[in-house]
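Tertiary structure, described
This is what each chain is made of:
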Amino acid sequence: MQANPFQVIPKLIFPSLIKLPPVHRSLSPPPTKPPRAISISTPGETDHAPIISSTVDVVDDSVAAFLDYQFLFVSQRSEQTEPITLRVVEGSVPPDFPSGTYYLTGPGLFSDDHGSTVHPLDGHGYLRAFQFDGFGGEVKFMAKYVKTEAQVEEHDPTTDRWRFTHRGPFSVLKGGQKVGNTKVMKNVANTSVLRWGRKLLCLWEGGNPYEIESETLDTVGKVSLMEGCDSGTESGDGGGGGMWDVAARLLKPILYGVFKMPPKRLLSHYKLDARNNRLLMVSCNAEDMLLPCSNFTFYEFDSDFKVLGKREFNIPDHLMIHDWAFTDTHYIIFANRIKLDAVGAMTAVCGATPMITALSVNPSKSTSPIYLLPRPSNENGRDWRVPIEASSQLWFLHVCNAFENLDENGNLDIQIHASACSYEWFNFQKLFGYDWQSGKLDPSVMNINGRQSNHLPHLIQVSINLDSNGNCQRCDVESLNQWNKSSDFPVINPAFSGSKNTYIYAAATSGSRSSLPHFPFDMVVKLNAASKSVLTWSVGSRKFIGEPIFIPKGSEEDDGYILVVEYAVSVQRCYLVILDSKKIGGADALVARLEVPKHLNFPLGFHGFWATAA
């Protein structure tokens, strides 16, 4: 059997790359490679990643790929508390670029000073801000940690040392208290960011968001958007009852009291209903993670965070929802089905394994149930408890857009664009290739060769037709990818959210690198949902990108700019890239590239938000 090329690289592991002492050292390559083939020098205290010399080209790609992958998850302990102007190294910021700020959040720290490392999903929230002045072509940059309760507890600002005390859902501690540690819900506010009304919020998947002062990036504090939502709102769509209600009542004192879990956990993905100027959010009950029932509560806010609508739904199935969709009349839940692992649950509660080991995917059904849940204004009488069954078994990752059309006969057509993967590819315990037992990152987990394209993350279109009585006449799933490459993080012009759109932008892979064929992503795609045509812009060799974001500037749907962060591992730099969305696919798509100072390199971000100056 041929050995995994990533596993023959001794000592080149996640923890050692995150925290390197300020002395020069050379790490030996695999014994099967010539010593001259790779040279790694350790930068000074303000740098945070190994430098791979130009001789890396003569190394087998698996070695360079392993090292390049680590750069995406290297801790950045420094903050940029005052705005600095980024240097334009290619092109220029166009004079018609709108004034506003691009906020990007994600993890910032993966290793403490006492031997513990954490999964990227458990890394403390690190908020970056790129401010465009709209006049002189300047872009100013700031970056700060979100001062969550966990961050304040784990970081000593006097000594600038870190000691992890919270396990986090995906991690265990090597140093500090491991067994019996009940600090599992580590709210790191690292997943998404939103500016709505007068609030800038950083969100996480399992708790309340944190409010941030938009100009200084100072943390204001935790915000409970769900408090006081019971008065003057609709409810009672629950259902529930029976033995699982009894089980929930028994679990609540343990989850709320011992493990300090919030009764309702707000999902990190929200939706903006542009036509009605509403913010849509959804929460789940804490006990849902351990029971075969799912309680969803949807909230609709105006620009002052006044609750305009609220609905609760109890679905008798064990689901793990990260993202969701909406139309004028429905909330749409894709049933990513999970199950409880009894052995994993016991070891997780004791602290011997991460909490996520209590769960695993449940591929017992060959179809994908889709729940159409009525919004407060929708009273069509359809029984929402009966899901629409899509013929494909898919694990839904991120939603791009959804919209509907009601014809003259009362038939409703719903179309959804999203990214999805197979149950076979998705693995709770190996996301991003992180091994909690060793604390190492292994990119081969995300890049298993020989997989079919429909197993990997890819863009899909779901088409549903309901007759006037709400009966499903058709539910088709088709791939939007016209190439055998993985892709995710689909976005659109935000003005078309909830409305019919033509263009979709996403991060994707060119597949040009044999050892990293599927992830990380290295190109932006522009997909025409009507013609299924695809145009691409590639970032180049040994460079990766994060999530793209669309900045509108005109009335046409694709009239605007794309912002995306480039991680140039070949030179150990981060760049903010501006693309002309109309010119993607052409040689002149690149408008400008702005350089982040090397000592401020930051890890791979998750989700961003564009806030116009107005």
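Cut-offs used in this document
Residues numbered from 1 in each chain as written. Predicted model: local features only at pLDDT ≥ 70, side-chain atom pairs only at ≥ 80, totals over all residues. Heavy atoms only, no water. Helix = DSSP H or I, 4+ residues; strand = E, 2+ residues; numbered from the N terminus. Contact = heavy atoms within 4.5 Å. Areas by Shrake-Rupley, 256 points an atom, 1.4 Å probe, with all protein chains shown as cover. Buried < 20%, exposed > 50% of the residue type's maximum accessible area, 1.4 Å probe, protein only. Pairing = 2+ DSSP bridges. Axes fitted to C-alpha atoms, helices over the stretch in contact; angles between N-to-C directions. pLDDT = per-residue confidence, 0-100.

By the naming in an unreviewed UniProt entry, the chain is Carotenoid cleavage dioxygenase 7, taken from Malus prunifolia.

**Quick look at the overall build of the chain**
If you tally the helices and strands in the chain, you get 5 helices and 40 strands. The contacts of the chain with a sequence gap of at least 6 include a subset with a gap of at least 24, amounting to 63%. Approximately 23,700 Å² of the chain is accessible, and the part contributed by carbon and sulfur atoms is 51%.

**Description of helix α2 (residues 61–71)**
Across the 11 residues that make up α2, a large majority, 10, are buried. What α2 keeps buried is the set Ser 62, Val 63, Ala 64, Ala 65, Phe 66, Leu 67, Asp 68, Tyr 69, Gln 70 and Phe 71.

**What to know about the sheet that holds strand β32 (residues 503–508)**
Spatially, 4 strands are ordered β31-β32-β33-β34 in an open sheet, and the strand pairing comes out antiparallel. Because the sheet does not close on itself, it has two edges, and the strands there are β31 (487–491) and β34 (534–538). When strand polarity is set aside, the average angle formed by the axes of neighbouring strands in this sheet is 25 degrees. Note that β31 and β32 share 3 bridges and pair antiparallel. When the bridges of β32 are listed, Val 491 appears paired with Tyr 505.

**Considerations on the confidence of the model for the chain**
With 86% of its residues at a pLDDT of 70 or more, the chain shows a mean pLDDT of 86. Across residues 5–58, where pLDDT falls below 50, the model places 110 contacts with residues more than four positions away in sequence or in other chains. In this model, residues 231–236 is a region of pLDDT below 50 whose contacts with residues beyond four sequence positions or in other chains number 8 contacts.

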